[in-house]
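Structural overview for review
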Amino acid sequence: GNAAFKAGDFPASIGHYTSAILADPSNPTLYLNRAAAYLKLGKYQDAERDSSSTLKIQKDNVKALFRRGQARMHLENLEGSQNDLRHAIELEPDNPSIREELQRVQKLALEHLKRPKPTRSALPLSKPQTRRVPIEIIDTAPATSVQDDLLTPVSSRPLNRPVAATSLVDAAPISGTQALENKRPEQKPPQNPFHETKQTRNAKYGGGIFRFSGSHTIFRSETSSIPRPKPQAGRLPRPAMNLAAFTRSWNTLTTDKHKWTLLQQIPPVSVSRFFGSSLEADILSSILGVLLTVLSAGKSEQSLVKEYMVYLPQVPRFFLIYTFLRGGDKDRVKEIWASLDGAGVTSDDDKDIKKLWDV
């Protein structure tokens, strides 16, 4: 489990730690290590549960308090997170990581208090007013006559009613003209509704209109002999209109040049609104690598790179995402700002922005 954790294979480490817990459920370190793996994967509820399991065995385990405080901070349980971190700082007052994490949680709590609460209307909601609409009867019901037969069948198709047989005695001779007038047109038997379908069962059709009369309309699918063009490797996809499309396109691109072109589709001032609270640490790490590559390529994009570095910290929960970056990623941040300083793009007004990047 430890070897998989160091290699970055956190799901495998969770599996090994789970097997170890089943073999020795009284070992607090196993729950603590699995909680660390859950934190890496963003499974904060599981991390909180395993940290609590460690604290049930060891009440004053500092690491368990620290990791449960981190998990509760992500779960927006700020009060519980502060309690855990304060308890941990009492046990280890010289631990800088715990003190820094406590300051961040307290800052989050202050921002939460400063948010304007939604105001409710003082007036009670009134019931929707209803109005009566007068109904005027224009046409009266038609009077039924004695001749109307309500049991007479009505159909949209002509009915072949059998003619009552008459005796030879009552039958009167009918002239030729009357015979022609009384003769009904011969009706053909209705065509089988599925006749055409049976004939074309093996053929592929795109759809159709099936009528009871048998006069169907079938639309055959047109197959084009022209082969569709295959996507070219390394070709830049269509512009991303939402975060899901951007992430999918970003992960499929292999060159920083194409990623930079895709990133420019999001104006720096719109970065916070575009990503919202869904920006992940791996995407931020990849963006930093692209920005550093752009700076090393030339001087034409320095101002635009600076704008991205200015507006990225405005993404919600940026400092939480920044804590999950690796040391190499934070070194990239320092190189980016050093390159911007050397190019003369920055000024003294950017000191507050640099503090957000821990520079």
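Residues numbered from 1 in each chain as written. Predicted model: local features only at pLDDT ≥ 70, side-chain atom pairs only at ≥ 80, totals over all residues. Heavy atoms only, no water.

Below, the discussion takes up the overall build of the protein. Counting its regular elements, the protein contains 17 helices and two strands. Partitioning the contacts of the protein with sequence separation of at least 6, the portion at a separation of at least 24 is 54%. (Helix = DSSP H or I, 4+ residues; strand = E, 2+ residues; numbered from the N terminus. Contact = heavy atoms within 4.5 Å.)

Right, let's talk about helix α10 (residues 243–252) for a bit. Note on helix geometry: an α-helix contains 3.6 residues per turn, so any two residues three or four positions apart are oriented the same way. Those residues of α10 that fall on the buried side of the exposure criterion are Leu243, Ala245, Phe246, Ser249 and Trp250. Along the axis of α10, the buried residues cluster in a sector spanning 160°; they form a single face. Every exposed residue of α10 that faces more than 90 degrees away from the buried side is listed here: Ala244, Arg248, Asn251 and Thr252. Buried residues belonging to α10 abut α11 (256–263), α12 (271–275) and α13 (281–297). By the N-cap criterion, in which a side-chain oxygen at the helix start approaches the backbone nitrogen of a residue two or three places on, α10 is capped by Asn242, the distance to Ala244 being 3.3 Å. (Buried < 20%, exposed > 50% of the residue type's maximum accessible area, 1.4 Å probe, protein only. Arc of directions from axis to C-beta. Polar contact = N/O pair within 3.5 Å; in protein donor to acceptor, adjacent residues only side chain to side chain.)

The next subject is the nonpolar core. Core analysis: the largest hydrophobic core is formed by 35 residues, its most contacted members being Phe275, Leu284, Leu291, Met309 and Trp357. Breaking this core down by element, the ones donating at least two residues are α10, α11, α12, α13, α14 (302–311), α15 (318–323) and α16 (327–342). Setting aside residues no more than four positions away along its own chain, Phe275 makes contact with Leu243, Phe246, Ile266, Ile283, Ile287 and Val315. (Core = buried A, V, L, I, M, F, W, Y, C linked by side-chain atoms within 4.5 Å.)

Two elements in contact, helix α3 (residues 28–40) and helix α4 (residues 44–57), have axes separated by 8 Å at closest approach and are oriented at 160°. With respect to each other, α3 and α4 are oriented roughly antiparallel. As for how α3 packs across α4, the hand of that crossing is left-handed. Judged by residue contacts, Pro28, Tyr31, Leu32, Arg34, Ala35, Tyr38 and Leu39 of α3 engage Tyr44, Asp46, Ala47, Arg49, Asp50, Ser51, Ser53, Thr54 and Ile57 from α4. (Axes fitted to C-alpha atoms, helices over the stretch in contact; angles between N-to-C directions. Parallel < 35°, antiparallel > 145°, perpendicular 65-115°, else oblique. Left-handed = near helix turned anticlockwise from the far one by under 90°.)

Inspection of the secondary structure assignment puts Asp50 in helix α4. For Asp50, a relative accessible area of 1% gives the class buried. Within the local environment of Asp50, its side chain forms a polar contact with the side chain of Arg34, the two groups lying 2.6 Å apart. Not counting the four nearest positions on each side in its chain, Asp50 is found in contact with Tyr31, Arg34, Ala35 and Tyr38.

The next thing to look at is the confidence of the model for the protein. When the pLDDT values of the protein are averaged, the result is 76; 65% of them are 70 or greater. Contacts of residues 164–175 to residues separated by more than four positions or lying in other chains number two contacts, the stretch itself having pLDDT below 50. Counting contacts from residues 222–234, a segment whose pLDDT is below 50, to residues more than four positions away or on other chains yields one contact. (pLDDT = per-residue confidence, 0-100.)

We now examine the packing of α14 against α16. At a minimum axis separation of 11 Å, α14 and α16 run at an interaxial angle of 135°. Relative to α16, the element α14 is oriented oblique. With respect to the hand of their crossing, α14 and α16 are arranged in left-handed fashion. For the pair formed by α14 and α16, the contact residues are Gln302, Val305, Lys306 and Met309 on the first element and Val333, Ile336, Trp337 and Leu340 on the second. Classifying every residue of the contact of α14 with α16 by side-chain character gives six nonpolar, one polar and one charged. (Nonpolar A, V, L, I, M, F, W, Y, C, P; charged D, E, K, R; others polar.)

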